[in-house]
Amino acid sequence: MLAAKGEVTGSHFLTGATKDEGLIAAQGLFGERFKMEGTQKLMAMMNCFRGDLPQVHGIVESILEAYAKWPYNMNDDEIKDHFSEIIGDYFILAPTHKMASVMAALNLTVFVYNYEYMSELSSWGGVIHGAELFYLAGFPIKGNNNNYRYDDSDKHMARLLLQLWANFAKNGLPSLVPVQNFHMPRFTLSHRSYTRFFSSGRTPTLNVQHDLKPDKLAFWNMQVPRMYQRQLDEMKRYPPAGTVISRHTTFTGRGGENEGGDREITPHDSTELNTQLDGSDVGAGSGKAPPDEYLTRHGSNSWILIAACIGLSLLTVLLSVCYCQVRRQVNNLIRQSSVSSGQPIL
């Protein structure tokens, strides 16, 4: 990320998200595809979403723990709302606030908003991704078109947004001056302020809030990266079966000669190395070795699989030999039967 490297050329930034960022994706998955109900339906939807999630062990269970309460007895509307929130937070909201935090740490001026205004004439059932862009483009002010209809409240919200963005582009400060005496607050690490756009009694309203979804954003921006880092550390410390390891690798194990310190394994220690790999936990290694001097660590399951393959190969050879012998005997019997009966040989 350019912001993390300090390579950002701008000094003032305005960013934000909508209330239901994942609604369209959730509706696309919901539909008639899943015939089950309740917990089974929620788990099925989460498993369809699994391929897009971070490759962390137990990530689905961790997400459900952060967003819902066991035993997840929810109706279809609640399942759709939860799933929509999970998708929106993961793909849009959490990265947006993470980026704002990174830029704020660089002492850049950042303004954050959360757009929750929904037109009374909207048929989406929520504030979808990019909903504010229609208002920023001035569509409600221009009037209705073939696909969307707008009322006076929508026109008022469009004017408020246009005023905010115009002042930000002009002087770097999103405000409603001279229409109203309102300024969007700056987002900082000590005061994570954001401006909320919503409808109060069908009247477009703006107010200042702090710490949007602190627990859920902390889950994506802090807890999940820690889970991933722990998984990487475990993979380095205890390589899985089948890992190619250099004979010159330095291992940190438990028990035997490895306990209490590191020991370098040389090519002359191949027998001892094999014993260590089969009988103790092996940790992360470092070192250099010629490209052709490698050993492969096999777990017990690997040896069982190898033995099964060898057994199947021997069985295949045996069956082939038996087949040839039986066929030879059958041909002899057919030939003898044909000669004795005077019938032509097949």
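Each value, and the rule that gives it
Residues numbered from 1 in each chain as written. Predicted model: local features only at pLDDT ≥ 70, side-chain atom pairs only at ≥ 80, totals over all residues. Heavy atoms only, no water. Helix = DSSP H or I, 4+ residues; strand = E, 2+ residues; numbered from the N terminus. Buried < 20%, exposed > 50% of the residue type's maximum accessible area, 1.4 Å probe, protein only. Contact = heavy atoms within 4.5 Å. Areas by Shrake-Rupley, 256 points an atom, 1.4 Å probe, with all protein chains shown as cover. Axes fitted to C-alpha atoms, helices over the stretch in contact; angles between N-to-C directions. Parallel < 35°, antiparallel > 145°, perpendicular 65-115°, else oblique. Nonpolar A, V, L, I, M, F, W, Y, C, P; charged D, E, K, R; others polar. Pairing = 2+ DSSP bridges. Expected span 1.5 Å × (residues − 1). Polar contact = N/O pair within 3.5 Å; in protein donor to acceptor, adjacent residues only side chain to side chain. UniProt positions renumbered as here; feature names shortened; annotations may be inferred. Phe/Tyr/Trp six-rings, centres within 6.5 Å; stacked < 30°, edge-to-face > 60°. Lys NZ or Arg CZ within 6 Å of the ring centre and 35° of its normal. Patch = residues over 30% accessible without salt bridge, like charges linked within 9 Å, V, L, I, M, F, W, Y side chains within 5 Å. Salt bridge = Lys/Arg side-chain N within 4 Å of Asp/Glu carboxyl O.

Engineer: Mind laying out the overall build of the chain, listing which residues take part and the relevant values?
Structural biologist: In terms of regular secondary structure, the chain is built from 11 helices and 8 strands. Going through the 346 residues of the chain one by one, you find that 36% of them count as buried. Counting contacts in the chain only where the partners sit at least 6 residues apart, residues at least 24 apart contribute 63% of the total. As presented, the chain carries roughly 20800 Å² of accessible surface, and 55% of it is formed by carbon and sulfur atoms.

Engineer: Can you lay out the packing of helix α5 (residues 76-105) against helix α9 (residues 214-237) for me, pointing to particular residues and giving the numbers?
Structural biologist: Packing of α5 against α9 leaves a shortest axis separation of 9 Å and a crossing angle of 75 degrees. Considering their axes alone, α5 and α9 lie roughly perpendicular with respect to each other. Contacts between α5 and α9 involve Glu85, Ile86, Asp89, Tyr90, Leu93, Ala94, Pro95, His97 and Lys98 from the former and Lys216, Leu217, Trp220 and Asn221 from the latter. Counted by class, the contact of α5 with α9 contains 7 nonpolar, 2 polar and 4 charged residues.

Engineer: Can you tell me about the pairing of strand β2 (residues 109-115), naming the residues and giving the values?
Structural biologist: Most of β2 sits inside the fold, with 7 of its 7 residues counted as buried. Covered by surrounding structure in β2 are Thr109, Phe111, Tyr113 and Tyr115 together with Val110, Val112 and Asn114, the residues of both alternating faces. Taken together, the 7 bridges between strand β1 (residues 12-18) and β2 define a ladder with parallel strand orientation. Directly across from threonine 15, in β2, lies its bridge partner valine 112. Bridge count for β2 against strand β3 (residues 193-200) is 3 bridges, and the pairing is parallel. Looking at the pairing, asparagine 114 lines up with arginine 196 of β3.

Engineer: Pulling in residues and values, what's your account of the sheet that holds β2?
Structural biologist: Across the sheet, 4 strands lie side by side as β1-β2-β3-β4; this open sheet has mixed pairing. At either margin of the open sheet sits one strand with a lone partner, and together these are β1 and β4 (203-210). Each adjacent strand pair in this sheet contributes to an overall mean axis angle of 25 degrees, direction not counted. Its contacts with the sheet put helix α8 (residues 152-171) on β1, β2, β3 and β4, and the angle it makes with β4 is roughly 45 degrees.

Engineer: Explain α5 to me, using residue names and the numbers behind them.
Structural biologist: The end-to-end C-alpha separation of α5 is 41 Å, in line with the 44 Å expected for 30 residues at 1.5 Å each. The N-cap of α5, judged by a side-chain oxygen 3.2 Å from the amide nitrogen of aspartate 77 a few residues on, is asparagine 75. A positive phi of about 65 degrees marks asparagine 107, the residue just after α5.

Engineer: Any details on the UniProt feature "transmembrane region" (unreviewed entry) in the chain? Residues and values, ideally.
Structural biologist: Those residues carrying the UniProt feature "transmembrane region" (unreviewed entry) are residues 303-326 in this numbering. Helix makes up 100% of residues 303-326 and strand 0%, whereas the separation of the span's terminal C-alpha atoms amounts to 35 Å.

Engineer: I'd like a rundown of the side chain of asparagine 114, residues and numbers included.
Structural biologist: Inspection of the secondary structure puts asparagine 114 in strand β2. A relative accessible area of 4% places asparagine 114 in the buried class. Only 2.9 Å separates the side chain of asparagine 114 from the side chain of glutamate 116, close enough to count as a polar contact.

Engineer: Pulling in residues and values, what's your account of the packing of aromatic side chains?
Structural biologist: A complete count under the given rule lists 15 aromatic pairs for this structure. The interplanar angle of 90 degrees and the centroid separation of 5.8 Å between the aromatic rings of tyrosine 117 and tyrosine 135 together place this pair among those described as edge-to-face. Taken together, the residues tyrosine 117 in the loop between β2 and α6 (131-136) and tyrosine 135 in helix α6 connect sequence positions 18 residues apart. Geometrically, the ring pair formed by phenylalanine 219 and tryptophan 220 is edge-to-face, given 5.0 Å between the ring centres and 75 degrees between the ring planes. Judged by relative accessible area, which is 3%, phenylalanine 219 ranks as buried. The exposure class of tryptophan 220 is buried, given its relative accessible area of 6%. Between arginine 196 and the ring centre of phenylalanine 198, over which it is positioned, the NZ or CZ distance is 4.0 Å.

Engineer: Residue-level account of a nonpolar patch on the surface, with values.
Structural biologist: A grouping of Trp303, Ile306, Ile310 and Leu314 is seen on the molecular surface, where their side chains present a nonpolar patch of about 410 Å² in accessible area. Its location among the elements puts isoleucine 306 in helix α11 (residues 300-341). Residue isoleucine 306 is classed as partly exposed on the basis of its relative accessible area, which comes to 33%.

Engineer: Help me get a handle on the pairing of β3, residues and values and all.
Structural biologist: The pairing of β3 with β4 spans 8 bridges and is antiparallel. Looking at β4, one finds that threonine 195 is bridged to valine 208. In this structure, the hairpin formed by β3 and β4 is closed by a connection of 2 residues, where glycine 201 is found at a positive phi of approximately 65 degrees.

Engineer: For the pattern of salt bridges, give the residues involved together with the corresponding values.
Structural biologist: In the structure shown here, the tally under the stated rule is 8 salt bridges. Glutamate 85 serves as the salt-bridge partner of lysine 213, at 3.1 Å between the closest nitrogen and oxygen. Separated by 128 residues along the polypeptide, lysine 213 in the loop between β4 and α9 and glutamate 85 in helix α5 bring together distant segments of the chain. Take lysine 213: its relative accessible area is 23%, and that puts it in the partly exposed class. It is possible to trace a salt-bridge network through shared partners that takes in Glu85, Asp89, Lys213 and Lys216.

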